[in-house]
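Spelled out, the chains give:
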Amino acid sequence: KAGVTQTPRYLIKTRGQQVTLSCSPISGHRSVSWYQQTPGQGLQFLFEYFSETQRNKGNFPGRFSGRQFSNSRSEMNVSTLELGDSALYLCASSLGLRDWVGNEQFFGPGTRLTVL
Amino acid sequence: QKEVEQDPGPLSVPEGAIVSLNCTYSNSAFQYFMWYRQYSRKGPELLMYTYSSGNKEDGRFTAQVDKSSKYISLFIRDSQPSDSATYLCAILSDYKLSFGAGTTVTVRA
């Protein structure tokens, strides 16, 4: 069974640009969550999509947005990039909504974004 | 104040040593306590979870929860070089999942 895949794995952008990251969940999983991971702040929740609808949202500015397609694949977009957006962006999929211990989240390898 | 605080480390121990990892949390309503392991260039994977005070063992791993002190720990016995990774605690409450910042562990052969 294929795991969660994320593309691209590495990305370098400059300030002010925008970026789109892609996530393909495990087959049959309907929930996709996005996280930002940095050495200082650790793993921070961005948002969760389930059945093409955003169900939960973390405390990030509106520059961070996402969407989910009918096949459960998800994309995350960051506009007007800032230096502080440099991070590992992780996607996780689960059968149902993430915030229940019975729905284990499976993480992808992440996209390493560097903003220069 | 972050809802979950984790000892930052890093930790470097010789092979065979006991590794002790700790987190504290602020919300007494937290219900489930989880530990994730993250290898370099990989996403986190769930190691184990528990919901009650006390100890839970899984092979060489023991998760310990003290709800009265709002303190959780993970112990790794007979540590191996393959245990070298970043360990994250995570706590679930009221449909909200919060992670610690992670502790990087290196087990020296």
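Now for a look at the structure at hand. (Residues numbered from 1 in each chain as written. Chains lettered and ligands numbered in written order. Predicted model: local features only at pLDDT ≥ 70, side-chain atom pairs only at ≥ 80, totals over all residues. Heavy atoms only, no water.)

## Considerations on the overall build of chain A
Next, step 1: Along chain A, the regular secondary structure elements total zero helices and eleven strands.
Next, step 2: When its helices and strands are written in sequence order, chain A yields β-β-β-β-β-β-β-β-β-β-β.
Next, step 3: Taking 2.2 N^0.38 as the reference for a compact globule, 116 residues should give roughly 13 Å; the C-alpha atoms of chain A span a radius of gyration of 13 Å, in line with that estimate.
Next, step 4: For the C-alpha atoms alone, the extent of chain A along its principal axes is close to 40 × 25 × 25 Å.
Next, step 5: Across the 116 residues in chain A, those meeting the buried criterion constitute 52%.
Next, step 6: Put simply, chain A shows about 5,400 Å² of open surface, and 50% of that area lies on carbon and sulfur atoms. (Helix = DSSP H or I, 4+ residues; strand = E, 2+ residues; numbered from the N terminus. Rg over C-alpha atoms; globule rule 2.2 N^0.38 Å. Buried < 20%, exposed > 50% of the residue type's maximum accessible area, 1.4 Å probe, protein only. Areas by Shrake-Rupley, 256 points an atom, 1.4 Å probe, with all protein chains shown as cover.)

## Brief notes about the interface of chain B and chain A
Next, step 1: Facing 19 residues of chain B, the contacting portion of chain A comprises 18 residues.
Next, step 2: The junction of chain B with chain A conceals about 1,500 Å² of combined surface from both sides, 57% of it contributed by carbon and sulfur atoms.
Next, step 3: Viewed at the interface, chain A and chain B are joined by zero salt bridges.
Next, step 4: At the junction of chain B and chain A, the tally comes to three residue pairs in polar contact (both at pLDDT 80 or more).
Next, step 5: Mapped onto the side of chain B that touches chain A, the elements with two or more residues apiece are strand 4 (32-38), strand 5 (45-50), strand 9 (85-93) and strand 10 (96-99) of chain B.
Next, step 6: It is strand 4 of chain B that provides the largest number of residues to the side of chain B that touches chain A, a total of four residues. (Contact = heavy atoms within 4.5 Å. Buried area = accessible area lost by both parts, 1.4 Å probe. Salt bridge = Lys/Arg side-chain N within 4 Å of Asp/Glu carboxyl O. Polar contact = N/O pair within 3.5 Å; in protein donor to acceptor, adjacent residues only side chain to side chain.)

## Some points on the pattern of salt bridges
Next, step 1: Applying the stated criterion across every chain, the model contains seven salt bridges over all chains.
Next, step 2: For R73 of chain A, the salt bridge goes to E75 of chain A, with nearest N and O atoms at 3.5 Å.
Next, step 3: Note that R60 of chain B and D83 of chain B form a salt bridge whose closest N and O atoms lie 2.8 Å from each other. You can see R60 of chain B sitting in the loop between strand 6 (54-58) and strand 7 (61-66) and its partner D83 of chain B sitting in the loop between strand 8 (71-76) and strand 9, a full 23 residues away along the chain.
Next, step 4: On the basis of relative accessibility, which here comes to 2%, the residue D83 of chain B falls in the buried class.
Next, step 5: Beyond isolated ion pairs, a larger network of salt bridges with shared partners links R63, E82 and D85 of chain A.

## Some points on the sheet that holds strand 7 (residues 64-68) of chain A
Residue and element names in this part refer to chain A.
Next, step 1: With antiparallel pairing, the four strands of this open sheet are ordered in space as 1-3-8-7. Each edge of the sheet is formed by a strand with only one pairing partner; in this case those strands are strand 1 (5-7) and strand 7. On average, each strand axis in the sheet is tilted by 20° relative to the strand beside it, whichever way the strands run.
Next, step 2: Where strand 1 and strand 3 (residues 19-24) come together, three bridges link them in antiparallel fashion. Directly across from Q6, in strand 3, lies its bridge partner C23. (Pairing = 2+ DSSP bridges. Axes fitted to C-alpha atoms, helices over the stretch in contact; angles between N-to-C directions.)

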